[in-house]
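Per-entry structural report
The chain contents come next:
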There are 4 protein chains.
Amino acid sequence: MRLTESQIDEIAAQRGAPTQTLRPSVPALEALLYTPIELLDHGFLRVVDYMGDDSAIVQAARVSYGRGTRKVSEDAALIRYLMRHRHSTPFEMCEIKFHVKLPIFVARQWIRHRMASVNEYSARYSILDREFYIPEPAQLAAQSVSNRQGRADALPPEVAERVMTMLRADAVQCFTDYETMLDDGEGGIGLARELARMNLTLNTYTQWYWKIDLHNLMHFIALRIDPHAQYEIRVYAEAMLTVLRAWVPAAAAAFEDYRMGAFTFSAGMLAVLQRMLAGEAVDAASSGLSKREYAEMLAALNRTA
Amino acid sequence: MRLTESQIDEIAAQRGAPTQTLRPSVPALEALLYTPIELLDHGFLRVVDYMGDDSAIVQAARVSYGRGTRKVSEDAALIRYLMRHRHSTPFEMCEIKFHVKLPIFVARQWIRHRMASVNEYSARYSILDREFYIPEPAQLAAQSVSNRQGRADALPPEVAERVMTMLRADAVQCFTDYETMLDDGEGGIGLARELARMNLTLNTYTQWYWKIDLHNLMHFIALRIDPHAQYEIRVYAEAMLTVLRAWVPAAAAAFEDYRMGAFTFSAGMLAVLQRMLAGEAVDAASSGLSKREYAEMLAALNRTA
Amino acid sequence: MRLTESQIDEIAAQRGAPTQTLRPSVPALEALLYTPIELLDHGFLRVVDYMGDDSAIVQAARVSYGRGTRKVSEDAALIRYLMRHRHSTPFEMCEIKFHVKLPIFVARQWIRHRMASVNEYSARYSILDREFYIPEPAQLAAQSVSNRQGRADALPPEVAERVMTMLRADAVQCFTDYETMLDDGEGGIGLARELARMNLTLNTYTQWYWKIDLHNLMHFIALRIDPHAQYEIRVYAEAMLTVLRAWVPAAAAAFEDYRMGAFTFSAGMLAVLQRMLAGEAVDAASSGLSKREYAEMLAALNRTA
Amino acid sequence: MRLTESQIDEIAAQRGAPTQTLRPSVPALEALLYTPIELLDHGFLRVVDYMGDDSAIVQAARVSYGRGTRKVSEDAALIRYLMRHRHSTPFEMCEIKFHVKLPIFVARQWIRHRMASVNEYSARYSILDREFYIPEPAQLAAQSVSNRQGRADALPPEVAERVMTMLRADAVQCFTDYETMLDDGEGGIGLARELARMNLTLNTYTQWYWKIDLHNLMHFIALRIDPHAQYEIRVYAEAMLTVLRAWVPAAAAAFEDYRMGAFTFSAGMLAVLQRMLAGEAVDAASSGLSKREYAEMLAALNRTA
């Protein structure tokens, strides 16, 4: 069970109590507000607050006195210009706050993004829930040989089953002992929470409030939605992209064109490109690039939209 | 004239267009939204957006699913606890955005606060207005002898008048030449804006959008509302305090008790305090503190609420 | 075994190869350089590089052209002044880099200090060592009743023994399964490293390079050396204090006086203090403070140096 | 006179006093240490300290125990890989500190890079020198028509002369009045320094100590060495590139290939590129890109190394 009865009620209560504001509001994002987007087996991402919209980017870039009278198309063109030329400060003028439930090993990758504010549920102060991430068989992939930090094909079903059994058994054993250590009843141990927690496995779920500005959110998405990112954090980045499109459609479109769909050619790659465009047949050996760089460049050139 | 007709209209248009939202709203801050608080002779500070309220601090600290059913007094007690123990991350969960008009020499102090987002009106791209800060006579104070970076008493009126005349004449002369250099009409010079601007004086007004979280806002206010801060930035900090009280009354009260009204005793001062409380008559010489530290400590002990 | 033979050799090689430099050097810190300070059962902290000394703080504050001719005592007085008045930027001018080995649950607290640079040993890319933190019996304390995130007295020896057995058994079981999942030999599973790691317990050791400036280092120490900080991170903060004293003795002395040994009285506490100094007998009830605040104030006043 | 006699002596004193260290040293950077690189008419940039070298990047990426036994070529390949895949944290492990003298209007652009530490010479506390930036005739360019924030051709010599005369006269007049206001002698005004400084023009020189890590330094250089950056800050970025090459040659080479010489193709541009490589004749109209984007893409493709 991802949410308790009372949590569902609390969320419904918030969704049922609109107020008036003079601030800019975004109906498409209001429609998503508070409701969890379910991810992995027990996780979620939900928007709990936001500030600003596409217009706020434009107003900040112009340091303007009001919403102005320009057309939506002019605003979108300015947003594209700002994105293309990496003028990042106007995008910092929008802010969003999420409540996220995620496995601890994902939380450890996530937190490396320092330009954000975080309040995590404290296992020094409170007791965690008995919830662990157990991957679906399709996600239980072999170690990649070519990429030392990646996955190859899924394991055969019976091997995957064996892994799931081990993961589940170990997590349950550790959690049961965690509870035993915490038990402060008659004959119990009553160990301090801050100590007992060290017995939990890294697939135990934690949760936090996480606030970030639009510029840094897009940076997070760009890095974590990448095919080389670990699947278990990628699903959160994909949910964020859905949120992004609802919240700031013009910025999201520019982001998809100039960041997600873009490729940076090095000076060396540009030289190869010039030779190719001049009609020369270039291959890895004659390119002067390393094998890996040549392959990366070719992949970008053969990419389909 | 601080605002043009059309700027006043734009602000009125924004104040006249409420929307519905499911986000928390703060009526007392909505009442201030968009309207400039006038400061110095041509400056202002106005709130253009905000996110969160006192409850948002509490919700983040508890990583909660909704607004909960606790009493306002319980929330205030938690906020006081967080403030006293410098648990700063829950205060980062609220955000505010200002539009500020201010003299350049004030902007140069202000920008030293790095934990904020800024978009400044660009004098590379646009032409600045003919507006300079000329202090009122009461503010034209002599250099302090005791404090190398402070002011002493106001100058005699006729001397103040002489200063104002100089400031005004130099600013006008520089601005007039700035316009002459920019003039790209028949027979004009047409100098690049990015070059012409170097001829302006540091009391010329600039403006920016400035976004900051509540934790860093309180840090800014604490440093800049201090009697040792320069008057010309202090007036902005005082306006922010007014905004703070309207926006997050519980956090503002805790801030005034634990930060603004507080004093930190060093280990050495605590030792002196213990001797005093034990009935010993301690003076500067016998305190073991430096003269300056002893004076600072005494000032704190004689402070009236 | 905390370090392998070859690691010890690598460290010795670095300690045996001095070079010449025109930069400021600190002999007392050079004496510590590279050598691990052993902490907990398998952890350590070692300095791998540093930049600046006490003079560098003073030079930055004065924006000076050289080391100047002032006396050491004048420099120390300026450092005390900067510390007392929270002029933090000159302290940012010194930098230090550590290599740290620490349990994952400690790493999770540590990383909340965002103003630092980190490179962690990657369990996506590499295989972790079979090393877990098992507390000594003296550290296995019961949950505190008065402080929801603290420890009370140590558990009785036989109960502590039971906890240690559980911690060890679970960590070993999880690590053994981790190895089984990773095994890519004949008949092995060969699971991707980024997946297998989720089966590890939170007391598994990790390691990282961590670089921070002096201002933020002192902030870290002040928060983590506090008696309310968890013991397992406090030992690292204490080792850092030893390093601090060797590196920048004048700054360290000011830090111990104005930060570590200091106490901040709120406006309300100052009012109580004034009544006490005027000879009034004040108790918790008549103080107007909350019970907790009154107790905290009293503790500070009764503190022994 | 850029430096006084005594400043030259202080610098010479520092260059004449080598010490021993166990830290990594970089002879090519030691050769530059402390000596000002002269820029503009009165400005300079000089390295006052540094930490780390190319190896430090590699050690952090590998979280290693020593300098290791890999070849220089392997280290360079890893540095190239880290740069290409934007793994920025290992580059944060090197740090450099500059002393910079620069016009105030340049300082205002510069300070927008927040990820750095700064101590500026305080005009609240001290009196500035009578030094202003007056551009050379070749730099006095007309406002660009196509680029609202750029320069076109140089002004005709007699017009440039007129501008220089105005700039010089206004700066001198303002500075003379600044001194008059500060004069606290018999019959003088004795205005507070923090007030008098507002009368200075934006081309007055200021100076600061500025410390930044290698990752953020490269970001600064990339943005400010760009042909679209203002000439007066570009000269500082160019001096930094010289320093970079001396300090970390492998990182500098990777930076020049993957950042400075690189171009990012958007999704839309990649589609056009694919059509071109397939032999289709594409022009601005048929490209589907905006005129500006098409022109930017073409410029990149026609760029010579």
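Only a predicted model underlies this, so the values are computations on that prediction, with no experimental measurement involved.

1. What to know about the overall build of chain A
Along chain A, the regular secondary structure elements total 13 helices and nine strands. If one aligns the C-alpha atoms of chain A with their principal axes, the spans along those axes are about 80 × 60 × 30 Å. Relative to its full complement of 305 residues, chain A shows a buried share of 45%.

2. Describing the relation of the copies chain A and chain B
Once turned by 180 degrees and shifted 0.0 Å along the axis, chain A lies on chain B with an RMSD of 0.0 Å. The symmetry that links the two subunits is that of a two-fold axis. Measuring from the rotation axis to each C-alpha of chain A, the shortest distance belongs to Q20 of chain A, at 2.3 Å. The overlap is high: 100% of the interface residues of chain A also sit at the interface in chain B, so the same surface is used on both sides.

3. Considerations on the domain arrangement of chain A
Structurally, chain A comprises domain 1 (5–32 + 48–95 + 102–123 + 206–260) and domain 2 (267–302). Using C-alpha coordinates to define each centre, domain 1 of chain A is positioned 36 Å away from domain 2 of chain A.

4. Observations regarding the interface of chain A and chain B
On the chain B side, the residues contacting the 41 residues of chain A number 41 residues. Top element by residues in the side of chain A that touches chain B is helix 1 (residues 5–15) of chain A. It accounts for six residues. Tallied by class, residues from the side of chain A that touches chain B come to 18 nonpolar, 12 polar and 11 charged. Bridge count between strand 1 (residues 19–21) of chain A and strand 1 (residues 19–21) of chain B: three bridges; the pairing is antiparallel. Opposite T21 of chain A, over in strand 1 of chain B, you have T19 of chain B as the bridge partner.

5. A few points about the interface of chain C and chain A
Reports often express the size of an interface as the amount of accessible area lost when the parts come together. Contacts between chain C and chain A engage 44 residues on the former and 44 residues on the latter. Those elements that place two or more of their residues in the side of chain C that touches chain A are strand 6 (141–143), helix 6 (157–182) and helix 7 (193–196) of chain C. Considering each element in turn, the side of chain C that touches chain A owes the most residues, 10 residues, to helix 6 of chain C. Residue classes in the side of chain C that touches chain A are distributed as 23 nonpolar, 10 polar and 11 charged.

6. Things to note about the sheet that holds strand 3 (residues 43–51) of chain C
Residues and elements named next belong to chain C. Taken in spatial order, the five strands of this open sheet run 2-3-4-8-5, and their pairing is antiparallel. Since the sheet does not close on itself, it has two edges, and those belong to strand 2 (37–39) and strand 5 (117–120), each with one partner. Pairs of neighbouring strands in the sheet enclose a mean axial angle of 20 degrees, with direction left out of account. In this structure, strand 5 lies alongside strand 8 (residues 205–213), joined through four bridges in antiparallel fashion. Residue S117 lies in a different strand from strand 8, and its bridge partner there is K211.

7. Quick word on helix 4 (residues 72–84) of chain A
Residue and element names in this part refer to chain A. When the terminal C-alpha atoms of helix 4 are compared, their 18 Å separation across 13 residues agrees well with the 18 Å that a helix rising 1.5 Å per residue should span. Of the surrounding secondary structure, the elements contacted by the buried residues of helix 4 are helix 3 (54–62) and helix 10 (249–260). A positive backbone phi angle near 55 degrees is found at R86, which sits one or two residues after helix 4.

8. Details of the sheet that holds strand 8 (residues 205–213) of chain D
Residue and element names in this part refer to chain D. Spatially, five strands are ordered 2-3-4-8-5 in an open sheet, and the strand pairing comes out antiparallel. At either margin of the open sheet sits one strand with a lone partner, and together these are strand 2 (37–39) and strand 5 (117–120). Neighbour-to-neighbour, the strand axes of the sheet open up by a mean angle of 20 degrees, direction not taken into account. The pairing of strand 4 (residues 95–103) with strand 8 spans nine bridges and is antiparallel.

9. Some words on helix 3 (residues 54–62) of chain B
In terms of burial, helix 3 of chain B is largely enclosed, as eight of its nine residues are buried. Packed against the buried residues of helix 3 of chain B are strand 3 (43–51), strand 5 (117–120) and strand 8 (205–213) of chain A together with helix 4 (72–84) and helix 10 (249–260) of chain B. V63 of chain B occupies a position one or two residues after helix 3 of chain B and carries a positive phi of about 45 degrees.

10. Description of the confidence of the model for chain A
Taken over all residues, the pLDDT of chain A has a mean of 95, while the share at 70 or more is 99%. Taken over the whole predicted complex, pTM reads 0.97, whereas the ipTM for its chain interfaces reads 0.95.

11. Considering the packing of helix 8 (residues 214–224) of chain C against helix 9 (residues 231–247) of chain C
All names here are of chain C. Helix 9 packs onto helix 8 with a crossing angle of 135 degrees between their chain directions and a minimal axis gap of 9 Å. Classified by the angle their axes make, helix 8 and helix 9 are oblique. Between helix 8 and helix 9 lies a crossing of left-handed hand. Every residue of helix 9 that contacts helix 8 at L217, F220, I221 and R224 is listed here: I233, R234, A237, M240, L241 and L244. Residue classes in the contact of helix 8 with helix 9 are distributed as eight nonpolar, no polar and two charged.

12. Focus: the pairing of strand 4 (residues 95–103) of chain A
Residues and elements named next belong to chain A. Counting buried residues along strand 4, nine of its nine residues qualify, which places the element largely inside the surrounding structure. Side chains of strand 4 alternate between two faces, with E95, K97, H99, K101 and P103 and I96, F98, V100 and L102 buried alike. Where strand 3 lies against strand 4, seven bridges are found, and the strand directions are antiparallel. Following the sheet pairing, V47 is matched in strand 4 by F98.

What counts and how
Residues numbered from 1 in each chain as written. Chains lettered and ligands numbered in written order. Predicted model: local features only at pLDDT ≥ 70, side-chain atom pairs only at ≥ 80, totals over all residues. Helix = DSSP H or I, 4+ residues; strand = E, 2+ residues; numbered from the N terminus. Buried ≥ 20, exposed ≤ 12 C-beta atoms within 10 Å, placed from the backbone. Least-squares fit on C-alpha atoms with pLDDT ≥ 70 in both. Contact = placed C-beta atoms within 7 Å. Domains from an automatic or database assignment. Nonpolar A, V, L, I, M, F, W, Y, C, P; charged D, E, K, R; others polar. Pairing = 2+ DSSP bridges. Axes fitted to C-alpha atoms, helices over the stretch in contact; angles between N-to-C directions. Expected span 1.5 Å × (residues − 1). pLDDT = per-residue confidence, 0-100. Parallel < 35°, antiparallel > 145°, perpendicular 65-115°, else oblique. Left-handed = near helix turned anticlockwise from the far one by under 90°.

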